[in-house]
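# Observations on chain architecture
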Amino acid sequence: QVQLVESGGGLVQAGGSLRLSCAASGRIFSLGAVGWYRQAPGKQRELVATITSGSSPDYADSVKGRFTISRDNAKNTVYLQMNSLKPEDTAVYYCNAYIGLPTTQGVMNYWGKGTLVTVSS
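Let us look at the structure shown here. (Residues numbered from 1 in each chain as written. Predicted model: local features only at pLDDT ≥ 70, side-chain atom pairs only at ≥ 80, totals over all residues. Heavy atoms only, no water.)

Once that is clear, we can look at the overall build of the protein chain. Scanning the protein chain from terminus to terminus reveals zero helices and eleven strands. Ordered by position from N to C terminus, the α and β elements of the protein chain give β-β-β-β-β-β-β-β-β-β-β. Radius of gyration (C-alpha) of the protein chain: 14 Å, near the 14 Å computed for a compact globule of 121 residues. For the protein chain, the residues scored as buried account for 41% of the 121 residues in total. The contacts in the protein chain between residues at least 6 apart in sequence include a share of 56% that link residues at least 24 apart. In the structure as shown, the protein chain presents an accessible area of about 6600 Å², 49% of it carried by carbon and sulfur atoms. Between the centroid of the 11 positive side chains of the protein chain and the centroid of its 7 negative side chains there is a distance of 6 Å. (Helix = DSSP H or I, 4+ residues; strand = E, 2+ residues; numbered from the N terminus. Rg over C-alpha atoms; globule rule 2.2 N^0.38 Å. Buried < 20%, exposed > 50% of the residue type's maximum accessible area, 1.4 Å probe, protein only. Contact = heavy atoms within 4.5 Å. Areas by Shrake-Rupley, 256 points an atom, 1.4 Å probe, with all protein chains shown as cover. Lys, Arg positive; Asp, Glu negative; His and termini not counted. Charge placed at Lys NZ, Arg CZ, Asp CG, Glu CD.)

Next up, the structure:
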């Protein structure tokens, strides 16, 4: 059984920083592309950043220059470093990953349960 678990959320003042982690565990053959999404109250879930299996990052315009996505394949973990946080960054942050499963089970897509980030003004 595969699990994705986000951690690192919390309350921070505007201008502060947080680092989120997304850890994949279980019977995993490989960790593929991973994306961080967020959903603010009353809004649709939006894509924040992605990273390919080869560590190529991409970012939403709203976070470019402030957020950095990275990965540690040895730990099956992806990080989201968030700097210069703004109140509008307040949301539940979710991790989504394509995970290669052992033997012939192929690649499956998984979501974590999210971690709450609150930025006070």
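Right, picking up where we left off after that structure.
In this structure, Trp36, Leu80, Met82, Tyr93 and Ile99 are the most contacted members of the largest nonpolar core, which totals 33 residues. Within the residue set of this core, elements represented by two or more residues are strand E3 (18-25), strand E4 (30-39), strand E5 (46-51), strand E7 (67-72), strand E8 (77-82), strand E9 (91-100) and strand E11 (115-120). In this structure, Met82 is in contact with Gly16, Ser17, Leu18, Leu20, Arg66, Phe67, Tyr93 and Val117, ignoring residues within four places of it in sequence. (Core = buried A, V, L, I, M, F, W, Y, C linked by side-chain atoms within 4.5 Å.)

For E9, the tally of buried residues reaches eight of ten residues, placing the bulk of the element in the interior. Of the pairings in the sheet, the one linking E4 to E9 comprises eight bridges and is antiparallel in character. Pairing of Tyr37 across the sheet is with Tyr94, part of E9. Bridge count for E9 against E11 is three bridges, and the pairing is antiparallel. Considered in E11, the bridge of Ala91 is made with Val117. Between the end of E9 and the start of strand E10 (residues 107-111), which pair antiparallel, lie six residues, with Thr103 showing a positive phi angle near 50 degrees. (Pairing = 2+ DSSP bridges.)

This part takes up the packing of aromatic side chains. This structure, assessed with the given rule, holds one aromatic pair. In this arrangement the basic side chain of Arg45 is found over the ring face of Trp111, its NZ or CZ atom lying 4.7 Å from the centre. (Phe/Tyr/Trp six-rings, centres within 6.5 Å; stacked < 30°, edge-to-face > 60°. Lys NZ or Arg CZ within 6 Å of the ring centre and 35° of its normal.)

Limitation: the analysis is restricted to geometry and does not speak to function.
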